[in-house]
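Structural features, examined
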There are 2 protein chains.
Amino acid sequence: MKGSESLLATATAAGVQACFANPGTTEIPLVEAFDQVPGVRAVLALSEGVVTGAADAYARMTGIPAMTLLHLGPGFANGIANLHNARRARTPMINIVGEHATWHQPADAPLNSDIESLARPVSGWVGRTTSAASTAVEFVEAYQATLQQRLPATLIAAADHMWGQGGMPAEVPAPPGRPVVDDQQVAAIAKLLSSGRRRPALLLGGHALSAEGIRTAARIASTVGAEVLAERSFARIERGPQIPPVRSLPHLPADVIKALDGFSHLVLVGARTPVAYFGYRGMPSFPLPNDLKVHTLADTDQDAVEALRALADATGSTAADLPSAERPQVQSPEGPLTAASIASAIVLTQPEHAIVVNEGVSSGAAYPAIAAAAPPHTELTNTGGAIGMGIPAATGAAIACPDRAVINFQADGSAAYTVQALWTQARESLDVATVICANSRYRILEAELQRAGADELGTVAASLTSLADPAVDWTAVARGFGVPGSRATTGEELLDALRRAHAEPGPHLIQAVL
Amino acid sequence: MKGSESLLATATAAGVQACFANPGTTEIPLVEAFDQVPGVRAVLALSEGVVTGAADAYARMTGIPAMTLLHLGPGFANGIANLHNARRARTPMINIVGEHATWHQPADAPLNSDIESLARPVSGWVGRTTSAASTAVEFVEAYQATLQQRLPATLIAAADHMWGQGGMPAEVPAPPGRPVVDDQQVAAIAKLLSSGRRRPALLLGGHALSAEGIRTAARIASTVGAEVLAERSFARIERGPQIPPVRSLPHLPADVIKALDGFSHLVLVGARTPVAYFGYRGMPSFPLPNDLKVHTLADTDQDAVEALRALADATGSTAADLPSAERPQVQSPEGPLTAASIASAIVLTQPEHAIVVNEGVSSGAAYPAIAAAAPPHTELTNTGGAIGMGIPAATGAAIACPDRAVINFQADGSAAYTVQALWTQARESLDVATVICANSRYRILEAELQRAGADELGTVAASLTSLADPAVDWTAVARGFGVPGSRATTGEELLDALRRAHAEPGPHLIQAVL
């Protein structure tokens, strides 16, 4: 069999089920192999930013790494921004980058470039195929690495190895689990929590924000008198009536310090120490009250849920009742839209078990505060700050979970980066409702300019933060890519548009005009 | 003055006139500086692929490097594909990448990444600011490097150096010229051309395809009995009644060998040795007839036009008449559109001194063959093979040359990469007519699959090369971004649509349905 066929056969054996692709000539042998070796579903996207963003969300939802198929250095490069987000989300995925035939590489053909240099900043593992016969083994290396490291792995696959005969499927060892936190660490944290005079907080991140993670942490907190917090930008959080609501840390460092004020200890559970998104004059990089002590129960690599289970045992919290939390009241939005009323409309209309992809940037912050009022759902956020993640991620989440509605709470500035993803939603008839918060500006930049001391924006600064002239007609763009669209300017219209979008199958886009 | 202000003041003193930008928080001090230090025009784009593609074409047209403003590693990464094309075009430009404040970098905030590793594959020079006071000097280093190397230069500008006081404008030395070819080399080529028994060919590339370069080469060719050829993917070519038409090399290696058959010597003038775009089984990387000898008059760094002048002297060609070349006859297209009839319609309607940006991929090949029939114009092509160059490049060319009409001969698959550029065309009221060759497929991939031996495409392969379901409505997408659009399905309709687009100011998009 060809090298490409051995790669796909091995991927199938490993349990890989989806490959998001924007192939070119050097990936032709892989394109052909999908027809020879069934098992992995190929999903076409119109640009590589869509490919990698979809693969990220797919793995966040399924736990199974997706493959991507990318065209040489420049094709890979187009996917880097969403790979950066995937890296921060600790998402496993296997990027297959078609490379020139080995004997053609020294000729420095037009598309030749240093793929390793591009791949390393966003990959935990970067490797190359060395022959058709060894391709499958090299795929397994990438597969093991991505699950071990929980970072994207990138396999550069030379065209002659892909089209060459002599390939054979490789054995796939059991996927590595997350390293377990040792007992002493659990005991030390248990002691700390039981003996604190002031109130400690548990900061959950990564997979600790699963239903079991949050419930276990809430039981511990209820037993020892702690609070449970969530990191600001999480890969995934679960919410529902059986899951105590968790407050997440705010965006600005001054607000983080305020939010953590009064706690004696901060225990990290799969989360990093809170870090300022940007460096602000007079603000520390790590915005923590002076007297707060930071401890780690589980780092971002470790099995944080298992650590919480052990900590529940050690603190005698296993049988504790879940704290009964007050759920926020959400008012039905009326009149002209605001960021807050868009969030309310989403919460009030969302179907059970929806997946909410929140790339609201300045508009999306209102959602987490009221999300506990919504039916059971999962929320995904932008973990790395590279904008243009939302529409691709909604696409990947819908491929991952065809039985669940996907709602994409989407800023307009970011939407413009990867709007091409709508075409894949139309092509695959995905049940995604995209809500564009159309404030026609880079609101976050305006805010930062004001924060930097600009009382009034200069002409150029105002122009460089404005998307108003012309205002993008998102419904027309959506229609162009095959997705029906509507406009809403009031709360009533938005509720109505959302209900219609959820009632009809397939993708919809709603331009929520702010 | 602030570091950011000293940078802009120095850029202005160096003659930089345009900055294509998609700024974020770390570029705020630079955004503010545009209002404090006038001189450089800031042009906003909705994604970084637009920014870098526009800067590439801007410098190809003006000879003056543009600045770009890009947001940290991920923002830079979105611009890499078109920087790859710029690198292959030997385009000078200065990328300013806003980076976290120096003291914040060790905290590894969400957007932190290895910018150097991302920048090196597409930059001849990569540097960092070291203080507010030295920022202007570091800008001058980047400026000198980009003009010396004719490759993009990337300056990573830390936020604290940009907002910090103590900046001062730096002196800008005269820009370095291209290295001159030495007399011995010219004499050797002159001797070779005069003594050959079989016919030599001059292969022009880079700036040798200027009007003077082509005319000088044509005089030499006419004197010594040679043929003048152009490289396949050129940064820029000039055409017009005073410029002898130049045949360019074909795409596929077998065709290149055929095109070069019968020549005794190939003299490179600012061009590289012809290289196969991709490696094909049984085909060499350098597709040359066995008995063809390759010589270099001027390499891609050197002053090829000056070398041609010297060669004209040395071969006694200075006073030679320009050969009178036959101009192709172009028939008015009728009935259903083909790639060839789209090219004919463009040629027959194009205004004098238009700039044609050709990213036709499979459809665009028909244009160069008949372009000599068009009024005087400039053609720009995709030099690096990273698709998504056309709409951004048309945007940059229109900013560079506001008095010239720009025609963008554009494949649909590539258009989907960077269609956001239409918004900047609308915002800046640019006189660009975009003709989308809408065959609703990755035709080039289908051709490559057939070339690889697939008689009939498998189901998945057919699906991965099809853009038909749904077919993109490019006029709707354009309208969404503020650009009026129309559809043409016949030659007559396309001629009509093109005439209307050229008659009205501002951007237009025509979906030419194949």
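Residues numbered from 1 in each chain as written. Chains lettered and ligands numbered in written order. Predicted model: local features only at pLDDT ≥ 70, side-chain atom pairs only at ≥ 80, totals over all residues. Heavy atoms only, no water.

**Considerations on the overall build of chain A**
From N to C terminus, chain A includes 21 helices and 18 strands. In terms of overall dimensions, chain A is globule-like: its C-alpha atoms have a radius of gyration of 24 Å, near the 24 Å expected for 514 residues. With the principal axes as the frame, chain A shows a C-alpha extent of 65 × 60 × 45 Å. Classification of the 514 residues of chain A by burial places 65% in the buried group. Once local pairs closer than 6 in sequence are excluded, the contacts in chain A between residues at least 24 apart make up 80%. Summed over its atoms, the accessible surface of chain A is roughly 16900 Å², and 50% of this surface lies on carbon and sulfur atoms. Here chain A contributes 35 positive and 48 negative side-chain charges, whose respective centroids are spaced 7 Å apart. (Helix = DSSP H or I, 4+ residues; strand = E, 2+ residues; numbered from the N terminus. Rg over C-alpha atoms; globule rule 2.2 N^0.38 Å. Buried < 20%, exposed > 50% of the residue type's maximum accessible area, 1.4 Å probe, protein only. Contact = heavy atoms within 4.5 Å. Areas by Shrake-Rupley, 256 points an atom, 1.4 Å probe, with all protein chains shown as cover. Lys, Arg positive; Asp, Glu negative; His and termini not counted. Charge placed at Lys NZ, Arg CZ, Asp CG, Glu CD.)

**What about the UniProt feature "domain: Thiamine pyrophosphate enzyme N-terminal TPP-binding" (unreviewed entry) in chain A?**
UniProt marks residues 1-106 of chain A with the feature "domain: Thiamine pyrophosphate enzyme N-terminal TPP-binding" (unreviewed entry), using the numbering shown here. Taken as a whole, residues 1-106 of chain A contains 50% helix and 20% strand, while its terminal C-alpha atoms sit 27 Å from one another. (UniProt positions renumbered as here; feature names shortened; annotations may be inferred.)

**Some remarks on the interface of chain B and chain A**
Think of interface size as the accessible area that goes away when the parts come together; that is how it is often given. Between chain B and chain A, the contact holds 90 residues from the first and 90 residues from the second. Each partner contributes to the roughly 7700 Å² buried at the junction of chain B and chain A, and carbon and sulfur atoms together form 63% of this total. When the buried area of chain B at its contact with chain A is split by residue, B:Pro110, B:Tyr417 and B:Leu464 rank highest and sum to 9% of it. Where chain B meets chain A, there are two salt bridges. Here B:Arg88 and A:Asp108 are joined by a salt bridge, their closest N and O atoms 2.8 Å apart. For the interface between chain B and chain A, the tally reads 45 residue pairs in polar contact (both at pLDDT 80 or more). For the side of chain B that touches chain A, a count of residues per class yields 50 nonpolar, 26 polar and 14 charged. (Buried area = accessible area lost by both parts, 1.4 Å probe. Salt bridge = Lys/Arg side-chain N within 4 Å of Asp/Glu carboxyl O. Polar contact = N/O pair within 3.5 Å; in protein donor to acceptor, adjacent residues only side chain to side chain. Nonpolar A, V, L, I, M, F, W, Y, C, P; charged D, E, K, R; others polar.)

**Describing the relation of the copies chain B and chain A**
The two copies are related by a screw operation: chain B maps onto chain A through 180 degrees of rotation and 0.0 Å of translation along the axis, at an RMSD of 0.0 Å. Accordingly, the operation relating the two chain copies is best matched by a two-fold axis. Considering only C-alpha atoms, the residue of chain B closest to the rotation axis is B:Val477, which sits at 2.1 Å. Interface residue correspondence from chain B to chain A reaches 100%, placing this contact among same-surface, isologous pairings. (Least-squares fit on C-alpha atoms with pLDDT ≥ 70 in both.)

**A word on the pattern of salt bridges**
Under the criterion given, the structure shown has 34 salt bridges over all chains. The shortest N-O distance in the salt bridge between A:Glu99 and A:Arg128 comes to 3.2 Å. Pair noted here: A:Glu99 is in strand E4 (residues 93-99) and A:Arg128 is in strand E5 (residues 125-128), with a separation of 29 residues, a long-range link. According to the relative accessible area criterion, A:Glu99 is buried, its value standing at 2%. Of the charged contacts, one joins B:Arg441 and B:Glu446 as a salt bridge, the two residues approaching to 3.6 Å between their closest N and O atoms. Each of A:Glu99, A:Glu116 and A:Arg128 takes part in salt bridges that share partners, so that together they form one network.

**Quick notes on the sheet that holds strand E13 (residues 354-359) of chain B**
Residue and element names in this part refer to chain B. Strand order in this open sheet of seven strands is E9-E14-E13-E15-E16-E18-E17, and the pairing throughout is mixed. On the outer flanks of this sheet lie strand E9 (237-239) and strand E17 (485-488), each paired with one strand and no other. Between one strand axis and the next, the sheet turns by 20 degrees as a mean value, whatever way the strands run. Where helix H3 (residues 48-62) meets the sheet, its contacts fall on E13 and strand E14 (377-381), and the angle it forms with E14 comes to roughly 145 degrees. Running at roughly 175 degrees to strand E15 (residues 406-411), helix H15 (residues 390-400) makes contact with E13, E14, E15 and strand E16 (432-438) of the sheet. (Pairing = 2+ DSSP bridges. Axes fitted to C-alpha atoms, helices over the stretch in contact; angles between N-to-C directions.)

**Observations regarding the domain arrangement of chain A**
All names here are of chain A. Segmenting chain A into domains produces domain 1 (3-163), domain 2 (183-314) and domain 3 (339-513). Here the C-alpha centroids of domain 1 and domain 3 sit 29 Å apart. With 22 residues of domain 1 at the contact, the number on the domain 3 side is 27 residues. Buried area between domain 1 and domain 3, summed over both chains or domains, comes out near 1900 Å², and the portion from carbon and sulfur atoms is 68%. Across the salt bridge formed by Arg41 and Glu428, the nearest N and O atoms sit 2.8 Å from each other. Across the domain 1-domain 3 interface, the total number found is 10 residue pairs in polar contact (both at pLDDT 80 or more). For the side of domain 1 that touches domain 3, the element with the most residues is helix H3 (residues 48-62), which contributes nine residues. Here the side of domain 1 that touches domain 3 is built from residues that sort into 12 nonpolar, seven polar and three charged. (Domains from an automatic or database assignment.)

**As for the pairing of strand E8 (residues 227-230) of chain B**
All names here are of chain B. Side chains of E8 alternate between two faces, with Glu227 and Leu229 and Val228 and Ala230 buried alike. Summarising the sheet, strand E7 (residues 199-204) and E8 pair through four bridges and their orientation is parallel. For Ala201, the partnering residue across the bridge sits in E8 and is Glu227. Remark: the E7/helix H10 (residues 211-224)/E8 crossover connection has right-handed handedness. Relative to strand E10 (residues 247-248), E8 runs parallel, the two sharing two bridges. (Right-handed = clockwise from strand over helix to strand, strands pointing away.)

**Some details on the confidence of the model for chain A**
On average, residues of chain A score 95 in pLDDT, and 100% of them are at 70 or above. Two summary scores accompany this predicted model of the complex, namely pTM at 0.98 and ipTM at 0.97. (pLDDT = per-residue confidence, 0-100.)

**Quick notes on the pairing of E5(A)**
Residue and element names in this part refer to chain A. The alternating pattern of E5 places Trp125 and Gly127 on a buried face and Val126 and Arg128 on a face that is not buried. Direction of pairing for E5 relative to strand E6 (residues 153-158): parallel, over a ladder of four bridges. Bridge pairing in E6 places Trp125 opposite Ala153. Each parallel crossover has a hand, and for E5 linked through helix H7 (residues 135-149) to E6 it is right-handed.

**Details of the UniProt feature "domain: Thiamine pyrophosphate enzyme TPP-binding" (unreviewed entry) in chain A**
Listed under "domain: Thiamine pyrophosphate enzyme TPP-binding" (unreviewed entry) in the UniProt record, and renumbered for this structure, are residues 373-511 of chain A. Strand forms 19% of residues 373-511 of chain A and helix 41%; the C-alpha atoms that close the span are 24 Å apart.

**Structural notes on the packing of aromatic side chains**
Counted according to the given criterion, the structure contains eight aromatic pairs over all chains. Ring geometry for A:Trp474 against B:Phe481: centres 6.5 Å apart, planes inclined by 75 degrees, an arrangement best described as edge-to-face. With A:Trp474 in helix H20 (residues 474-480) and B:Phe481 in the loop between helix H20 (474-480) and E17, this residue pair bridges two chains. Overall, the relative accessible area of 3% leaves A:Trp474 in the buried class. The buried category is assigned to B:Phe481, whose relative accessible area is 0%. (Phe/Tyr/Trp six-rings, centres within 6.5 Å; stacked < 30°, edge-to-face > 60°.)

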